[in-house]
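Results of the structural survey
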Amino acid sequence: MNIVKTIAEVREQVKAWKKEGLSVGLVPTMGYLHEGHQSLIERAVKENDRVVVSDFVNPTQFAPNEDLESYPRDLERDAALCEKAGADLIFHPEPEEMYAKDACTFVDMRALTKNLCGKTRPIHFSGVCTVVSKLFLIVNPDRAYFGEKDAQQLAVIRRMVRDLNFDIEIVGCPIIREEDGLAKSSRNTYLTKELREAAPVLHKALEEGKQMVLEGERSAEKVRETIKKRIEAEPLAKIDYVEIVDFETIEPIETIKGSVLAAVAVYFGKTRLIDNFILTDI
Ligand code: AMP
């Protein structure tokens, strides 16, 4: 497995693979990899001849008050995990390699990005769409892998690929969790012992809501209230949002039907955690 820092090296390698007729999968990440990322890489390895993992803490998706500086980084550990999972190439650029000092072209989405995380993080999805577009243009993959953990991001990327005619298959992968149900996240490392013990309430609350739907409840408000109350009962949890939306449009719904996303964002101390469940064909 190779680790490269320049766009030119990635292009050269992928060109050589494509010349041999090999298919290429891309797994975009911000590094500090865990079993969630690993599951995406392993799926990509299964479905493609070669796999590129990008490992880049993308500055354009962080607002000035967010955790860009403190976001955990450990390339050596990431490389070991990628190697074990069967990846062929890690693309680990410096910010200057990805963005010219006077870069002024961004990919902006006019719907899907206003609700949920877009409300609290207004520039976030423009940064995500821009960096993912750039990665698509640099790597030119046949398939790209994204976790359902970031469900709004997955919906946004699918829409972007449709709207901009990227010839890339987007593969959504299930959420990988700790034993107590907490969704794995690089940000879990910020949690003190006390906050870490409180955080699984997100999954418990979502499971309760999901169960209601599976038992026939179709009022989004009733399910939302149940999830919200369960989280509010945990004194260390400060809710950012609890929403139930259409998974394709990310617009709030009254009646649960079709493809539905129930998503939460909750602060534990200064750490903002997200989690969700998706139900299709309801
Ligand atoms: P990140 O490094 O946090 O930007 O995540 C990179 C990719 O890994 C995104 O597509 C995430 O949705 C996915 N991912 C992160 N955590 C998990 C998880 N616990 N389970 C599944 N996928 C995940």
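I will try to describe carefully the structure that is included in this document. The shown structure was predicted, so the numbers you read here are calculated from the model rather than taken from an experiment.

**Thoughts on the overall build of the protein chain**
A count of helices and strands for the protein chain gives ten helices and nine strands. A compact globule built from 282 residues would reach a C-alpha radius of gyration of about 19 Å, and the protein chain, at 19 Å, matches this within 12%. When the backbone C-alpha atoms are referred to their principal axes, the protein chain occupies close to 55 × 40 × 40 Å. In the protein chain, buried positions account for 52% of the 282 residues. Across the protein chain, every contact between residues at least 6 apart in sequence was considered, and the portion connecting residues at least 24 apart equals 74%. Total accessible area computed for the protein chain in this model is approximately 13900 Å², and 48% of it derives from carbon and sulfur atoms. Seen as two clouds, the 39 positive and the 48 negative side-chain charges of the protein chain have centres 2 Å apart.

**A few points about helix α3 (residues 75–85)**
Residues of α3 that are buried: Asp78, Ala79, Leu81, Cys82 and Ala85. Each buried residue of α3 lies within a common arc of 165° when the element is viewed along its axis, so the set occupies one face. Counted as exposed and oriented over 90 degrees from the buried face of α3: Glu76 and Lys84. The first or second residue beyond α3 is glycine 86, which carries a positive phi of 100°.

**As for the packing of helix α1 (residues 7–19) against helix α6 (residues 124–139)**
Relative orientation of the contacting elements α1 and α6 amounts to 50°, with a least axis distance of 8 Å. Our classification of the angle between α1 and α6 gives oblique. Counted together, Ile7, Val10, Arg11 and Val14 of α1 and Leu137, Ile138 and Val139 of α6 form the full contact between these two elements. Counted by class, the contact of α1 with α6 contains six nonpolar, no polar and one charged residues.

Cut-offs used in this document
Residue indices begin from 1 for each chain and proceed along its sequence in written order. The predicted origin of the model limits local features to residues at a pLDDT of at least 70 and limits the giving and counting of side-chain atom pairs to 80 or more, whereas totals for whole chains, interfaces and linings rest on all residues. Calculation of side-chain values draws on the structure's entire complement of heavy atoms; hydrogens and water are dropped beforehand. By definition, any uninterrupted DSSP run of H or I lasting at least four residues is a helix, any uninterrupted run of E lasting at least two residues is a strand, and each is numbered from the N terminus. Only the C-alpha atoms count toward the radius of gyration. The rule for a globule is 2.2 Å times the residue count to the power 0.38. Each residue's exposure class comes from its accessible area (1.4 Å probe, protein chains only) as a fraction of the maximum for that residue type: buried when under 20%, exposed when over 50%, partly exposed otherwise. Whether two residues are in contact is decided by their heavy atoms, any of which lying within 4.5 Å being enough. Areas reported here follow the Shrake-Rupley algorithm with a probe of radius 1.4 Å; residue values treat only the protein chains shown as occluding. Asp and Glu are treated as the negative residues and Lys and Arg as the positive ones, with His and the ends of the chain left uncounted. In this description, the location of a charge corresponds to atom NZ of lysine, CZ of arginine, CG of aspartate or CD of glutamate. Here the arc refers to the set of directions running from the helix axis out to each C-beta atom. Axis lines are fitted through C-alpha atoms, for helices just across the contact stretch, and the angle between N-to-C directions can take any value from 0 to 180 degrees. What sets the label is the angle itself: under 35 degrees gives roughly parallel, over 145 gives roughly antiparallel, 65 to 115 gives roughly perpendicular, and the rest give oblique. Polarity classes work like this: nonpolar for Ala, Val, Leu, Ile, Met, Phe, Trp, Tyr, Cys and Pro, charged for Asp, Glu, Lys and Arg, and polar for all others, with Gly in that last group.

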